[in-house]
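So the chains spell out like this:
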Amino acid sequence: AADFNRANKDEAIRTVDEQKDLPYPKNIKTACFFEFPSNFTQQVHKAKKARDWERPKTKFEVAWNLTEEIFDEHYYLRLCDVLNRQDIAGMNLSAPEGSVSCKGKDSNIYTARVWNEPQATSDNVPRYDELVVTGIPRHAITFVDKVQSTDQHLEGTFRHPIGMPTRMFPNIWKNRPK
C-alpha cells in the first residue's frame, strides 16, 4: 500500500461504483483519517433510545473536521468506502477554517462510509448502523494493506532465529542451572 500511496498521492480516489469497472489491487483498501465529533456518543444514545426494533438501520451523517492530532496517530485511521466525489476547484466555500482544504493536484472533496475498527472500544457506530462522513479532503484518504496481505504473511517466507552469543550477557543474568 505504501508504494501505491506514493504513486497515486495526487490522483482522485475512485468511488465504490467506479471500482466495479476499474478496481484497486486486491491487497489494498481505502482508509480515511477521521475523528468522531465530541457529541457523537450522545447522538448514538439518543438514536438508540428512539429506536424501535422494527425500524430500519440508522444512518449517521457527520462532516469531516480537521483537528490538530488527526494525522499524528493511526488511531484516527478507519477503513472507508468512498461513495461520492465532488470537484471544488474554483468554488467559493464558506466552510469554517480548517474543515475543508485540498493539497496537491486533486481538488475534490469526498463522501465516504466509515467502518468500525475491530479494536475500537469507544465512539463506535452501533452494529448494523451506518456512518457517512462528508467533506473529506483527498489528503485525509489513504490506501492500506488488507489484513494478512503483506509479504510477511506469505507461506514459506524465510524466517531465521536471531542468535546472540552468551558472552554478550553478564554472568549474573545467566543463572540457569546446567
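Residues numbered from 1 in each chain as written. Predicted model: local features only at pLDDT ≥ 70, side-chain atom pairs only at ≥ 80, totals over all residues. Heavy atoms only, no water.

## A short note on the sheet that holds strand S6 (residues 141-145)
Picture the strands of a sheet paired through backbone hydrogen bonds; they go either parallel or antiparallel. Convention followed: When DSSP finds two or more bridges between a pair of strands, those strands are recorded as paired. Counting from the N terminus, the helices are the DSSP runs of H or I reaching at least four residues and the strands are the DSSP runs of E reaching at least two. For helices, the fitted line uses only the C-alpha atoms of the stretch in contact; every axis is such a line through C-alpha atoms, and the angle between N-to-C directions lies from 0 to 180 degrees.
As summarised here, the arrangement of the six strands in space is S2-S5-S4-S3-S1-S6, forming an open sheet in which the pairing is mixed. Edge positions in the sheet fall to strand S2 (59-63) and S6, since each of these pairs with one other strand and no more. Neighbouring strand axes in the sheet, compared pairwise and without regard to direction, differ in orientation by 40 degrees on average. Both strand S1 (residues 28-33) and strand S3 (residues 77-87) contribute to a ladder of three bridges, which runs antiparallel. Opposite cysteine 32, over in S3, you have arginine 78 as the bridge partner.

## Let's talk about the pattern of salt bridges
Using the following cut-off: Basic side-chain nitrogens of Lys or Arg form a salt bridge, by our definition, when they fall within 4 Å of a carboxyl oxygen of Asp or Glu. Three exposure classes are used, based on accessible area relative to the maximum for each residue type with a 1.4 Å probe and protein chains only: buried under 20%, partly exposed in between, and exposed over 50%.
For the coordinates displayed, the defined rule picks out five salt bridges. As a salt-bridge pair, aspartate 3 and arginine 6 come within 2.4 Å of each other at their nearest N and O atoms. With aspartate 3 and arginine 6 both in helix H1 (residues 2-7), this residue pair falls three residues apart, about one helical turn. Residues aspartate 3 and arginine 6 agree in their burial class; the two are exposed. Linking arginine 113 and aspartate 81 is a salt bridge whose minimum nitrogen-to-oxygen distance equals 3.5 Å.

## Topic: the nonpolar core
Cut-off, in case you're wondering: Buried Ala, Val, Leu, Ile, Met, Phe, Trp, Tyr and Cys residues form a nonpolar core when they are joined through side-chain atoms within 4.5 Å.
Counting residues in hydrophobic clusters, the biggest one holds 30 residues, and the most contacted among them are Phe34, Leu131, Val133 and Ile136. The dominant element in this core, judged by the number of residues it contributes, is S1, at four residues.

## Quick word on the packing of aromatic side chains
Definition in use: Only Phe, Tyr and Trp rings take part, Trp by its six-membered ring, and two of them pair if their centres are within 6.5 Å. Stacked means planes under 30 degrees apart, edge-to-face means over 60, and tilted covers everything else.
Inspection of every chain in the model, using the stated rule, returns seven aromatic pairs. With centroids separated by 4.8 Å and ring planes inclined at 65 degrees, the aromatic side chains of tyrosine 24 and phenylalanine 143 adopt a geometry described as edge-to-face. Here tyrosine 24 is found in the loop between helix H2 (18-21) and S1, whereas its partner phenylalanine 143 is found in strand S6, with 119 residues between them in sequence. The two residues tyrosine 24 and phenylalanine 143 agree in class, both being buried.

## Considering a nonpolar patch on the surface
Note the cut-off: Patches draw on residues past 30% relative accessible area with no salt bridge. Two like charges within 9 Å are joined, as are two nonpolar side chains (Val, Leu, Ile, Met, Phe, Trp, Tyr) within 5 Å. For every accessible area listed, the method is Shrake-Rupley and the probe measures 1.4 Å; residues are considered covered only by the protein chains on display.
A surface patch of nonpolar side chains, amounting to about 760 Å² of accessible area, comprises Ile162, Met164, Met168, Phe169, Ile172 and Trp173. Position of isoleucine 172 relative to the elements: it lies in the segment after S6. Residue class for isoleucine 172 comes out exposed when judged on its relative accessible area of 71%.

## Some words on the confidence of the model for the protein chain
Let me state the cut-off plainly: Confidence scores labelled pLDDT are given residue by residue by the predictor and lie between 0 and 100. Contact definition: two residues touch when any of their heavy atoms are within 4.5 Å.
When the pLDDT values of the protein chain are averaged, the result is 78; 77% of them are 70 or greater. Within the protein chain, helix H3 (residues 40-50) has the poorest average pLDDT of any element, 72, and H2 the best, 95. Contacts from residues 92-103, a stretch scored under 50 in pLDDT, to residues over four places away or in other chains number 18 contacts.

## Structural notes on the state of the cysteines
As a reminder, the rule being used: Any cysteine sulfur atom paired with another within 2.5 Å is treated as part of a disulfide.
Inspection of every chain in the model, using the stated rule, returns one disulfide. Across the disulfide from cysteine 32 sits cysteine 80; the S-S distance is 2.1 Å. Disulfide cysteine 32-cysteine 80: torsion about the S-S bond near 75 degrees, hence right-handed. Taken together, the residues cysteine 32 in strand S1 and cysteine 80 in strand S3 connect sequence positions 48 residues apart. Look at cysteine 32 and you get buried, because its relative accessible area is 0%.

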